[in-house]
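# Observations on chain architecture
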Protein chains: 2
Amino acid sequence: MGSGMGRLLAERSDLKISGGIASREGKSGIDIGELLELEQKLGVEAVNDPSRAITEETDVVLNATSSSIVQVEEEIKFALRKSCNVISIAEEMAYPEVAEPEIAFELDQIAEEKGVSLLGTGINPGFILDLLVIALTGACLRVEKITARRINDLSPFGPTVMKTQGVGTTVDEFNRGVEKGEIVGHIGFKESISMIADRLEWDIDEVEESREPIISDVARSTEHVRVEPGMVAGCRHTARAFKNGNEIIVLRHPQQICPEKAGIETGDYIEIKGDPGIDMAITPEIPGGKGTIAVSVNMIPLVLKAEPGLKTMTDLPVPSALPEDISGLL
Amino acid sequence: MGSGMGRLLAERSDLKISGGIASREGKSGIDIGELLELEQKLGVEAVNDPSRAITEETDVVLNATSSSIVQVEEEIKFALRKSCNVISIAEEMAYPEVAEPEIAFELDQIAEEKGVSLLGTGINPGFILDLLVIALTGACLRVEKITARRINDLSPFGPTVMKTQGVGTTVDEFNRGVEKGEIVGHIGFKESISMIADRLEWDIDEVEESREPIISDVARSTEHVRVEPGMVAGCRHTARAFKNGNEIIVLRHPQQICPEKAGIETGDYIEIKGDPGIDMAITPEIPGGKGTIAVSVNMIPLVLKAEPGLKTMTDLPVPSALPEDISGLL
């Protein structure tokens, strides 16, 4: 993700990559253009030490290192304390008061103190199963129930994603992996549900999550994994939120490799039961990698302009593709 | 539209209708609950004189009287000068610098001076063919072309809409009506195009609009109009915006009665050619009447919270359906 953001930024004349932090020791000292496999060097070397990349001169730091707030907390605090705005794609940062309310409070305080803003975003959480859902309810007189599905294709992803989604396991291995917390499915359901429920002021009694194996009838394979018939091609992860005992928000995110082999059409679907009812489909789904890179980079001008503090996607105006020169938006 | 807003507001315990202005003389002095055909009186009478309905105590004025800025200018100025926030569904108010840049400037100044905000909105312009389009480009690395279509059903509308859309005319009558400016089609294309183009900083060379008769093969009729085969069932209104000579934004809004009689499925469709490409469909379309009532009322908390001045839908956070009590959003 960081490389994709870097490549998008490197193309632009109105934005300058002033530094880059490599997690792997061996990348330190290498020109960022080279690391991004660009035709030209950028004249800026990757470093391992954040203090050499992030300074008071930095306008915005893009954080793309982990899904969990606890893992990114110190990185973000470091940047905020240097008076840098921060955009993080850590899934839990999309609505940080869910996973870590105390850290969220601290981050908000530091950002306010330093006069900068902090946003967690990405395609999901951050856009499809929350921002877009909320925006569509805006055309409703009343809303009774929300069901949203993101049916996507995991084929382009690497070994880590295959492992956390249980792709290529047997059903037994899958079930054990879920039990042990090694097969996690999607990270972000709780964040998306809270984003929606808080905006609609729905008191949620409880959120139930289930992770089921998507058992393949056919052989499927990618560069990184092979799934024989009867084995697991992915994880059918569902979250259900209840209000006064009634199912009120259902988010479904079955993720698998080669869905087309099973005749499955991918897409993003939002169904609002209400007055009027709304039935939206984006087919195929907005791709996760490009979508997350785009949303996070596209929010740069809005984050630069935002009031200081911790923000969510529902606090700020909608994103748009970046114009050739963002200075007009500032 | 005003009655629909009134009925939605009357249901709520957190919002109070403090006054209502009737355009027709005969409605003055009648309880608003009665005018809205509610079961109970509201204890507030409709008046003809704005100064009896709008006072310094009024938080927000909903303006639903005309499509044109020139027609609503004085009404809005009156409310702003009383330090009231204003939400207008006049189509031209969705992006007022297009039709009336000087009035837009003045309205912005008055609103800023009085510390209140002013928003033009509605389902379209204001939501489908602009806000939603812009939001979806936010998931794109780059955008080459935007095509959006709103295919709707005019059957529920009254005689005025039938006339301005040319429903029930012969082809000759339709063409003469367009020439004379009596058959106008959709109002708002220029506003939607400028909203999109300004946000993406696209320099538009020119906008071409065409209004063609939708000639019916079959008989269609509503309470207000009858269309024989060979006659006009509606107006196929299209706007094309060009950048450097290339078609870059195409908005299509064919409006007709009984589209199902011609086997036409209604819907809102947005197609973005770019990286990634995005193909969105809402089927059936979000109904225009309910959608406009919902969006305008649902923006109340966001307008109350907004910085002073003239705002557009792209300046503010996305709308949502109103919670039971909006005080939490303020």
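Thresholds, definitions, all that
Residues numbered from 1 in each chain as written. Chains lettered and ligands numbered in written order. Predicted model: local features only at pLDDT ≥ 70, side-chain atom pairs only at ≥ 80, totals over all residues. Heavy atoms only, no water. Helix = DSSP H or I, 4+ residues; strand = E, 2+ residues; numbered from the N terminus. Rg over C-alpha atoms; globule rule 2.2 N^0.38 Å. Contact = heavy atoms within 4.5 Å. Areas by Shrake-Rupley, 256 points an atom, 1.4 Å probe, with all protein chains shown as cover. Lys, Arg positive; Asp, Glu negative; His and termini not counted. Charge placed at Lys NZ, Arg CZ, Asp CG, Glu CD. UniProt positions renumbered as here; feature names shortened; annotations may be inferred. Buried area = accessible area lost by both parts, 1.4 Å probe. Salt bridge = Lys/Arg side-chain N within 4 Å of Asp/Glu carboxyl O. Polar contact = N/O pair within 3.5 Å; in protein donor to acceptor, adjacent residues only side chain to side chain. Pairing = 2+ DSSP bridges. Domains from an automatic or database assignment. Nonpolar A, V, L, I, M, F, W, Y, C, P; charged D, E, K, R; others polar. Core = buried A, V, L, I, M, F, W, Y, C linked by side-chain atoms within 4.5 Å. Buried < 20%, exposed > 50% of the residue type's maximum accessible area, 1.4 Å probe, protein only. Patch = residues over 30% accessible without salt bridge, like charges linked within 9 Å, V, L, I, M, F, W, Y side chains within 5 Å. Least-squares fit on C-alpha atoms with pLDDT ≥ 70 in both. Axes fitted to C-alpha atoms, helices over the stretch in contact; angles between N-to-C directions.

Glancing now at the overall build of chain A. A count of helices and strands for chain A gives 11 helices and 14 strands. A compact globule built from 330 residues should have a C-alpha radius of gyration of about 20 Å, and chain A, at 20 Å, falls within 12% of that. Residue pairs in contact within chain A that sit at least 24 positions apart in sequence constitute 71% of those at least 6 positions apart. By element, 44% of the accessible surface of chain A is carried by carbon and sulfur atoms, the whole surface being about 14300 Å². Measuring between centres, the 32 positive side-chain charges of chain A sit 3 Å from its 55 negative side-chain charges.

Attention now moves to the UniProt feature "domain: 2,4-diaminopentanoate dehydrogenase C-terminal" (unreviewed entry) in chain A. The residues that UniProt annotates with the feature "domain: 2,4-diaminopentanoate dehydrogenase C-terminal" (unreviewed entry) are residues 127-327 of chain A. Split by type, residues 127-327 of chain A is 27% helix and 33% strand. Its first and last C-alpha atoms lie 24 Å apart.

Every contact between the two is made by 50 residues of chain B and, on the other side, 50 residues of chain A. Where chain B abuts chain A, roughly 3900 Å² becomes buried across the two surfaces, and 62% of that area is made up of carbon and sulfur atoms. Of all residues in chain B, Leu141(B), Arg199(B) and Val318(B) give up the largest surface area on contact with chain A, accounting jointly for 16% of the area buried on that side. At the boundary of chain B with chain A, the tally comes to four salt bridges. On inspection of chain B and its partner chain A, the count reaches 19 residue pairs in polar contact (both at pLDDT 80 or more). At the level of secondary structure, the elements contributing two or more residues to the side of chain B that touches chain A comprise helix 6 (128-137), strand 6 (142-153), strand 13 (278-282) and helix 10 (288-298) of chain B. Relative to strand 13 of chain B, strand 13 (residues 278-282) of chain A is paired through three bridges, and the arrangement is antiparallel. Paired with Ile282(A) across the bridge in strand 13 of chain B is Met280(B).

The next subject is the domain arrangement of chain A. It is common to report an interface's size as the accessible area lost on association of the parts. Residues and elements named next belong to chain A. Segmenting chain A into domains produces domain 1 (2-122 + 290-329) and domain 2 (131-286). If you average the C-alpha positions of domain 1 and of domain 2, the two centres end up 27 Å apart. Roughly 990 Å² of surface becomes buried between domain 1 and domain 2 when both sides are summed, with 74% attributable to carbon and sulfur atoms. Of all residues in domain 1, Tyr95, Val98 and Thr314 give up the largest surface area on contact with domain 2, accounting jointly for 50% of the area buried on that side. Counting every contact that joins domain 1 to domain 2 gives one residue pair in polar contact (both at pLDDT 80 or more). The class makeup of the residues in the side of domain 1 that touches domain 2 is six nonpolar, three polar and three charged.

Glancing now at the nonpolar core. Counting 128 residues, the largest nonpolar core has Phe127(A) and Phe127(B) as its most contacted members. Setting aside its immediate chain neighbours within four residues, Phe127(A) contacts Gly122(A), Leu132(A), Ile286(A), Val295(A), Pro319(A), Ala135(B), Leu136(B) and Ala139(B).

This next bit is on a negative patch on the surface. There is a patch of like negative charges on the surface, built from Glu97(A), Asp198(A), Glu201(A), Asp203(A), Asp205(A), Glu206(A), Glu208(A), Glu324(B) and Asp325(B). Positionally, Asp203(A) belongs in the loop between helix 9 (189-200) and strand 7 (206-215). By relative accessible area, Asp203(A) is classed as exposed at 63%.

Right, let's talk about the relation of the copies chain B and chain A for a bit. After a rotation of 180° and a shift along the axis of 0.0 Å, chain B superposes on chain A with an RMSD of 0.0 Å. Taken together, the rotation angle and the small translation identify this as a two-fold axis. Residues of chain B ranked by C-alpha distance from the rotation axis are headed by Pro317(B), positioned 2.1 Å from it. The share of interface residues of chain B whose copies in chain A are also at the interface is 100%, consistent with both copies meeting through the same surface.

Moving on, we get to the sheet that holds strand 11 (residues 246-256) of chain A. Sheet strands pair via backbone hydrogen bonds, and the direction of the pair is either parallel or antiparallel. Here we have 12 strands laid out as an open sheet, ordered 7(A)-10(A)-11(A)-6(A)-12(A)-13(A)-13(B)-12(B)-6(B)-11(B)-10(B)-7(B), and mixed in their pairing. Two strands bound the open sheet, and with one partner strand each, they are strand 7 of chain A together with strand 7 (206-215) of chain B. Averaged over all adjacent pairs, the angle separating strand axes in this sheet is 10°, with direction ignored.

Residue and element names in this part refer to chain A. A sheet is described by the order of its strands in space; here four strands give the open sequence 3-4-5-14, paired in parallel fashion. In this open sheet, the two edge strands, each paired with only one partner strand, are strand 3 (60-63) and strand 14 (309-311). With strand direction ignored, the average angle separating the axes of adjacent strands in the sheet is 15°. When strand 4 (residues 85-88) meets strand 5 (residues 117-120), the two strands line up parallel, connected through three bridges. By the bridge assignment, Val86 is partnered in strand 5 with Leu118. Docked against the sheet, helix 5 (residues 101-114) engages strand 5 and strand 14, running at close to 125° with respect to strand 14.

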